[in-house]
Amino acid sequence: MAYAAARPTKLKRRVGKGIPDEFRGLAWQYLSGGRELMQQHPGHYAHLLTSRSDPVDLEIMRDLNRTFPNHVFFHQRQGPGQQSLFHVLRAYSAHDRQVGYVQGMGFVTAILLMYMSEEEAFWTLTALLKGSSLHPPLEGMYQAGMPLLQQCLFQFHELLKQEQPKLGGHLEQEGVVPSMYCTHWFNTIFAYSLPFEQLLRVWDVFLLEGMKVVFRVGVALVLSAQEQLLGAPFERLVEGLNGRKFSLLARHPDALMKAALRIPVSRRLELLQLQYQQQVAAAQEAAAAARGSSGGGSTPEEARYPVVPVAMGPS
């Protein structure tokens, strides 16, 4: 995108203030790279819709009623919204057999369909999952073993401890880990968790800057509730972190974005990614050595995602 390359600071500032709703769908397509992909592959989406039925079709259909059931566009069983959602998800599962379909993808696709046509939503989803010149690929969030999700949970755990050691230590002491409360923050880009006004503002920045805004918003939400969380036992911690009662969500969306965007994460996420990759590599080596000493074999999946816990304790 020429404007993004020529005036990145100005674009970042404008997007941070919120994209006007009437321009949001088109802006998201350009920011993601989906518009470019659609122009490069005319007719491909229509061709995918003609592909033969697949067992994943039943899985997609089963989840349709669970995706924004109270939203006017999706609440009608087999209505226009659900049909569009089914078409896009089915087309993507045919387009990318390695990823196929995972439930979290439905919420991401549904948000896109609120602002663009089926074909536009398909290519925007494709750009997000496969990556573009502006975005690294997100397909690891949905692939077997969910490697990107595992990395994000590790990074969030460590980032929260760095931002607020006392609260991070309390959560750790009580045995509360990110997978208990923020998996859906990452694999739906908050589509499952935030009120709609705040969600759209987060997505504006996400389409420009990628996943780091999810970390920023997540940390900001948890820190806004630290007075209630500090000293709370396990059950209240899990309940509080899984709810929508964060104080920031009762305020104007500007408050959430200002609190989130003032948290510096870029360099720290890079370092934590490296740390995570080193731990995974060490776990894979240990698993390979254990299999070698026992004379057992391994499947390709076991080799990629060894069942050896990655440490999430003190850095």
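Quantities reported herein were computed from a predicted structural model and do not represent experimental measurements.

Engineer: Please explain helix H18 (residues 266–294) as it appears in this structure.
Structural biologist: Along an α-helix, residues three or four positions apart point the same way, because every turn accommodates 3.6 residues. Its 29 residues place the ends of H18 42 Å apart at the C-alpha level, agreeing with the 42 Å of an ideal helix rising 1.5 Å per residue. For H18, the full list of buried residues reads Arg268, Leu269, Leu272, Tyr276, Val280, Ala283 and Ala287. In this structure, the buried residues of H18 make contact with helix H10 (147–163) and helix H14 (212–224).

Engineer: Would you explain the packing of H10 against helix H11 (residues 165–173) in this entry?
Structural biologist: Direction vectors running N to C along H10 and H11 enclose 135°, while the axes themselves pass 5 Å from each other. Considering their axes alone, H10 and H11 lie oblique with respect to each other. Taken together, the residues of H11 that come into contact with H10 (itself represented by His157, Leu160, Lys161, Gln162 and Glu163) are Pro165, Gly168, Leu171 and Glu172. Residues that form the contact of H10 with H11 fall into these classes: 3 nonpolar, 3 polar and 3 charged.

Engineer: Just to check I follow, could you spell out the packing of aromatic side chains for this structure?
Structural biologist: Any pair of aromatic rings gets described here by the distance separating the centres and the angle formed by the planes. Under the definition given, this model contains 18 aromatic pairs. On the basis of an interplanar angle of 55° and a centroid distance of 5.2 Å, the ring pair of tryptophan 28 and tyrosine 115 is categorised as tilted. Of this pair, tryptophan 28 sits in helix H3 (residues 21–32) while tyrosine 115 sits in the loop between helix H8 (104–113) and helix H9 (118–130), and the two are 87 residues apart along the sequence. What makes tyrosine 115 buried here is its relative accessible area of 19%. Centroid distance phenylalanine 154 to tyrosine 276: 5.4 Å. Interplanar angle 45°. Geometry classified as tilted. With phenylalanine 154 in helix H10 and tyrosine 276 in helix H18, this residue pair connects regions lying 122 residues apart in the sequence. You can call phenylalanine 154 buried: its relative accessible area is 1%.

Engineer: Would you explain the pattern of salt bridges in this entry?
Structural biologist: Note on pairing: side chains with opposite charge can pair once their charged atoms come close. Per the stated rule, a full pass over the model turns up 16 salt bridges. A salt bridge links aspartate 63 to arginine 66; the shortest N-O distance between them is 3.2 Å. What makes aspartate 63 buried here is its relative accessible area of 3%. Taking relative accessible area as the criterion, arginine 66 reaches 44% and is therefore assigned partly exposed. Members of the salt-bridge network, linked through shared partners, are Lys12, Glu209 and Arg216.

Engineer: Help me out: how do you make sense of the environment of arginine 201 in this one?
Structural biologist: Here arginine 201 is to be found in helix H13 (residues 196–209). Judged by relative accessible area, arginine 201 falls into the buried class, the value being 10%. Discounting residues that sit within four places of it in the chain, arginine 201 has contacts with Gly16, Lys17, Gly18, Arg24, His252, Pro253, Asp254 and Met257.

Engineer: For this particular structure, what's the right way to read the side chain of serine 84?
Structural biologist: Topologically, serine 84 is positioned in helix H7 (residues 80–95). Side chain to side chain, serine 84 and glutamate 118 meet in a polar contact 3.1 Å long. Serine 84 has contacts with Leu113 and Glu118, leaving out every residue within four places of it along the chain.

Engineer: Got a minute to help me understand the confidence of the model for the chain in this structure?
Structural biologist: The predicted coordinates should not be examined in detail at positions where pLDDT is low. Across the chain, the average pLDDT comes to 89, with 91% of residues at 70 or higher. With pLDDT under 50 throughout, residues 298–315 is counted as low confidence; its partners more than four residues away or in other chains account for 36 contacts.

Engineer: Hey, could you run me through the nonpolar core in this one?
Structural biologist: If you look at soluble globular proteins, the nonpolar side chains tend to sit buried side by side. Counting 98 residues, the largest nonpolar core has Trp28, Phe156, Tyr181, Trp185, Phe186 and Trp203 as its most contacted members. Examining the composition of this core, we find that 9 residues originate from one element, H14, more than from any other. The residues contacting tryptophan 203, other than those within four sequence positions of it, are Trp28, Val108, Ile111, Leu112, Thr188 and Ile189.

Engineer: Any chance you could explain a positive patch on the surface here in plain terms?
Structural biologist: Taken together, Arg7, Arg13, Arg14 and Lys17 make up a surface patch of like positive charges. By the element assignment, arginine 13 lies in helix H2 (residues 8–16).

So, how was this worked out
- Residues numbered from 1 in each chain as written.
- Predicted model: local features only at pLDDT ≥ 70, side-chain atom pairs only at ≥ 80, totals over all residues.
- Heavy atoms only, no water.
- Helix = DSSP H or I, 4+ residues; strand = E, 2+ residues; numbered from the N terminus.
- Expected span 1.5 Å × (residues − 1).
- Buried < 20%, exposed > 50% of the residue type's maximum accessible area, 1.4 Å probe, protein only.
- Contact = heavy atoms within 4.5 Å.
- Axes fitted to C-alpha atoms, helices over the stretch in contact; angles between N-to-C directions.
- Parallel < 35°, antiparallel > 145°, perpendicular 65-115°, else oblique.
- Nonpolar A, V, L, I, M, F, W, Y, C, P; charged D, E, K, R; others polar.
- Phe/Tyr/Trp six-rings, centres within 6.5 Å; stacked < 30°, edge-to-face > 60°.
- Salt bridge = Lys/Arg side-chain N within 4 Å of Asp/Glu carboxyl O.
- Polar contact = N/O pair within 3.5 Å; in protein donor to acceptor, adjacent residues only side chain to side chain.
- pLDDT = per-residue confidence, 0-100.
- Core = buried A, V, L, I, M, F, W, Y, C linked by side-chain atoms within 4.5 Å.
- Patch = residues over 30% accessible without salt bridge, like charges linked within 9 Å, V, L, I, M, F, W, Y side chains within 5 Å.
- Areas by Shrake-Rupley, 256 points an atom, 1.4 Å probe, with all protein chains shown as cover.
- Lys, Arg positive; Asp, Glu negative; His and termini not counted.
- Charge placed at Lys NZ, Arg CZ, Asp CG, Glu CD.

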